[in-house]
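Coordinate inspection notes
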Amino acid sequence: MQIRNVSPWLALVAWAGFAMSVTLFGQATGTPPSGGRVTPTPTIPTNPTTPTNPSTRQPNTFPTQNQQTPELMERPIYVSGKVTLDDGTPPPESVVMQLVCNASPRSVGYTDSKGRFSIDLGNRNNSAIFADASQSGTGVFDGDGFGRSGSPGQSQSLGRGTSERSFLGCDLAASLPGFRSDTVNLGNRRSLDNPEVGTLILHRLGNVQGLTISATSALAPKDAKKAFDKGFNENKKSKWENAEKELSKAVEIYPKYAAAWYQLGVAQQAQQNLEGARKSYAQALAADSKFVSPYQQLALIAAHDNNWKEVAAETDHLLKLNPVDFPQAWFYNALANYHLQNWDVAEKSARQGLDSDSAHRIPKLDHLLGVVLVQKRDYPGAAEHMRSYLTRNPSAGDAEMVKKQLAEIEKVTGAQAVQKSPSDSEQPKQ
């Protein structure tokens with residue numbers, strides 16, 4: 001595709017060679033609560049020939065163990081409490097608990113089936129259990145998974161022996177798409193304090209219809225719930241075959257169990273049974289069309305097949321239901337429309353993604369918007385967003401490529417500026 005006023009090299013990079021090096025929906029080490037917030041699927045890149053982007057992790061801003069005094073080593077710091085919805089009922093499924101320090105969230109635990117939680121904030125194992133892709137810079141779709149819970153390059157591993165000073169500027173919150181959580185300030189938290197922090201209420205957002213918890217879960221029979229819980233726990237341990245067996249029992253007992261269908265799809269997808277996973281996600285949506293998690297995984301599978309029309313359609317569904325909590329859905333919607341050469345739609349989605357991503361968890365949004373703007377011959381705008389990407393991610397794996405793209409754009413804008421400036425002979429006489 002030829003673009004006027006752009007060098008052939010830049011045109012090639014902008015259209016045919018745009019290396020989207022963010023992994024699609026990520027690779028997590030643990031499964032989510034039943035709503036499907038952490039997706040423990042193998043990394044499937046957008047394009048099989050495109051390398052994935054290494055983590056852009058920034059230096060740890062918390063004290064390391066070498067900086068701690070001996071009396072602070074091996075000191076647990078417990079917090080416990082419960083989470084309820086704003087009508088006073090517990091969430092129908094587990095909710096992720098997050099430690100939010102200086103606007104950077106890190107998942108540290110789950111609630112149980114009654115909404116209770118008990119967490120050792122100083123436990124270094126939290127970093128392994130909840131090291132989801134959104135925290136390691138791979139850019140997953142949901143968050144703790146799908147674009148919410150982690151900030152690439154900003155996660156902190158507190159570790160056993162964490163200093164009490166580490167919690168200055170930190171809050172404890174529950175994380176559930178479609179809701180906003182009360183918070184508990186931990187700045188004055190000490191290891192010997194009463195661990196009970198009270199009740200955190202989840203307030204539903206008025207402009208959000210879709211959720212990552214399914215209304216059908218509350219209606220599941222006891223035996224189906226028991227099989228689901230076993231399957232969920234097996235998913236969490238990456239024991240996919242065991243999980244598939246238990247989750248199959250759950251949906252056999254209760255065919256409208258949307259969360260179980262979703263988790264069954266997760267187990268099948270992890271075993272590369274994409275056709276089986278696709279059918280399970282479709283069954284989840286047939287049971288509950290406002291359950292957003294299956295849409296994200298269907299988009300993943302479609303992207304694996306380079307089916308950009310389907311990626312656009314699935315992310316459209318998700319974003320109509322919840323335009324607030326999923327900046328990565330905006331990213332992949334923009335990427336799909338980029339591939340479909342729908343430049344205006346791609347630009348709009350990328351900009352909406354940036355607006356919803358105040359923590360800059362999806363840095364590739366800036367790069368993608370820059371490439372889209374090249375197609376629209378808005379070279380100053382393209383350069384601005386590529387500079388933003390490099391400023392926030394100077395050590396990104398594709399930084400050198402983006403620098404070359406930026407240099408080509410600057411050549412074009414420089415040449416245009418020279419052409420527009422009046423020549424010496426046209427200068428007014430003084």
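Refer to the preceding data block for the structure.
A short tour of the structure in this document, coming up. All of these numbers come straight from a predicted model, not from anything done at the bench.

Section: the sheet that holds strand S9 (residues 183-185)
Strand order in the open sheet formed by four strands is S5-S4-S7-S9, with antiparallel pairing between adjacent strands. Looking along the sheet, the strands with just one partner apiece sit at the ends: strand S5 (104-110) and S9. With direction set aside, neighbouring strand axes in the sheet form an average angle of 25 degrees. Of the strand pairs in this sheet, strand S4 (residues 96-101) and S5 are connected by six bridges, and their pairing is antiparallel. Bridge assignment links Met97 to a residue of S5, and that residue is Gly109.

Digging into the environment of Ser248
With respect to the element layout, Ser248 can be found in helix H5 (residues 240-253). Expressed as a C-alpha distance, the spacing of Ser248 and Trp261, which sit 13 residues apart in the sequence, is 8.0 Å.

Examining the pairing of S5
The element S5 is largely enclosed, with a buried count of seven among its seven residues. Between the end of S4 and the start of S5, which pair antiparallel, lie two residues, with Asn102 showing a positive phi angle near 50 degrees.

Details of the nonpolar core
By size, the foremost hydrophobic cluster in this structure holds 35 residues, and its most contacted members are Phe228, Tyr257, Ala260, Tyr281 and Leu318. Listing elements by their share of this core, those giving two or more residues are helix H4 (222-236), H5, helix H6 (258-270), helix H7 (274-287), helix H8 (293-304), helix H9 (308-321) and helix H10 (327-339). Of all the elements, H6 adds the most residues to this core, at eight residues.

Comments concerning the state of the cysteines
Following the criterion strictly, the structure yields one disulfide and no others. The residue that forms a disulfide with Cys101 is Cys170, at a sulfur-sulfur distance of 2.0 Å. Judged by the torsion about the S-S bond (115 degrees), the Cys101/Cys170 disulfide is right-handed. Within this pair, whereas Cys101 is found in strand S4, its partner Cys170 is found in strand S7 (residues 170-175), the two being separated by 69 residues in sequence. The pair Cys101 / Cys170 is uniform in exposure class, with both members buried.

Quick word on the layout of surface pockets
As a volume, the second largest pocket reaches approximately 390 Å³. Taken together, 18 residues line the second largest pocket, and the ones lying closest to its centre are Pro92, Glu93, Ser113, Phe228 and Asp229. In terms of residues, the lining of the second largest pocket owes the most to one element, H4, which gives six residues. Residue composition of the lining of the second largest pocket, grouped by class: seven nonpolar, six polar and five charged.

Regarding the sheet that holds strand S6 (residues 116-120)
Read from one edge to the other, the open sheet built from four strands follows the order S6-S3-S10-S8, with strand pairing classed as mixed. Either end of the sheet is taken by a strand with one partner, and the two such strands are S6 and strand S8 (179-181). Adjacent strand axes in the sheet meet at a mean angle of 25 degrees when their direction is disregarded. Where strand S3 (residues 78-85) lies against strand S10 (residues 196-204), five bridges are found, and the strand directions are parallel. Across the sheet, Val83 pairs through a bridge with Leu200, a residue of S10.

Thoughts on the environment of Trp343
If you trace the backbone, Trp343 turns up in helix H11 (residues 343-356). Placed 33 residues apart in sequence, Trp343 and Lys376 show a C-alpha to C-alpha distance of 7.0 Å.

Focus: the side chain of Ser80
The topology assignment puts Ser80 in strand S3. Using a relative accessible area of 11% as the deciding quantity, one classes Ser80 as buried. Separated by 3.1 Å, the side chains of Ser80 and Glu196 make a polar contact. Residues in contact with Ser80, not counting those within four places in the same chain, are Arg116, Phe117, Ser118, Pro195, Glu196, Val197 and Gly198.

Reading guide: rules and limits
- Each chain carries its own residue numbering, running from 1 in the direction its sequence is written.
- For a predicted model such as this one, the threshold for reporting local features is a pLDDT of at least 70, and the threshold for listing and counting side-chain atom pairs is 80 or more; totals across whole chains, interfaces and linings nevertheless cover every residue.
- Only heavy atoms go into the side-chain values, all of them from the structure, while hydrogens and water stay out.
- Any two strands with at least two DSSP bridges between them are considered paired.
- Strands are runs of DSSP state E lasting at least 2 residues, helices are runs of H or I lasting at least 4, and numbering of each runs from the N terminus.
- Angles run from 0 to 180 degrees between N-to-C directions of axes, and those axes are lines fitted to C-alpha atoms, restricted for helices to the stretch in contact.
- Remark: exposure states derive from per-residue accessible area (1.4 Å probe, protein chains only) relative to the maximum for the residue type, with buried under 20%, exposed over 50%, and partly exposed in between.
- What is meant by a nonpolar core is a set of buried Ala, Val, Leu, Ile, Met, Phe, Trp, Tyr and Cys residues, joined one to another through side-chain atoms within 4.5 Å.
- Any cysteine sulfur atom paired with another within 2.5 Å is treated as part of a disulfide.
- Using protein atoms alone on a 1 Å grid, points that fit a 1.4 Å probe yet trap it form a cavity, whereas open point sets bounded by protein on both sides within 12 Å along at least five of seven lines form a pocket; residues with an atom within 4 Å of a point count as lining.
- Grid points are joined across faces, edges and corners, and a volume is the space filled by probe spheres set on the points.
- For this classification, the nonpolar set comprises Ala, Val, Leu, Ile, Met, Phe, Trp, Tyr, Cys and Pro, the charged set comprises Asp, Glu, Lys and Arg, and every other residue, Gly included, is treated as polar.
- Within 3.5 Å is the distance limit for a polar contact, defined as a pair of N or O atoms, with the added protein rule that one can donate a hydrogen and the other accept it, and that residues adjacent in sequence qualify only through two side-chain atoms.
- Whether two residues touch is decided by their heavy atoms; if any such pair falls within 4.5 Å, the residues are in contact.

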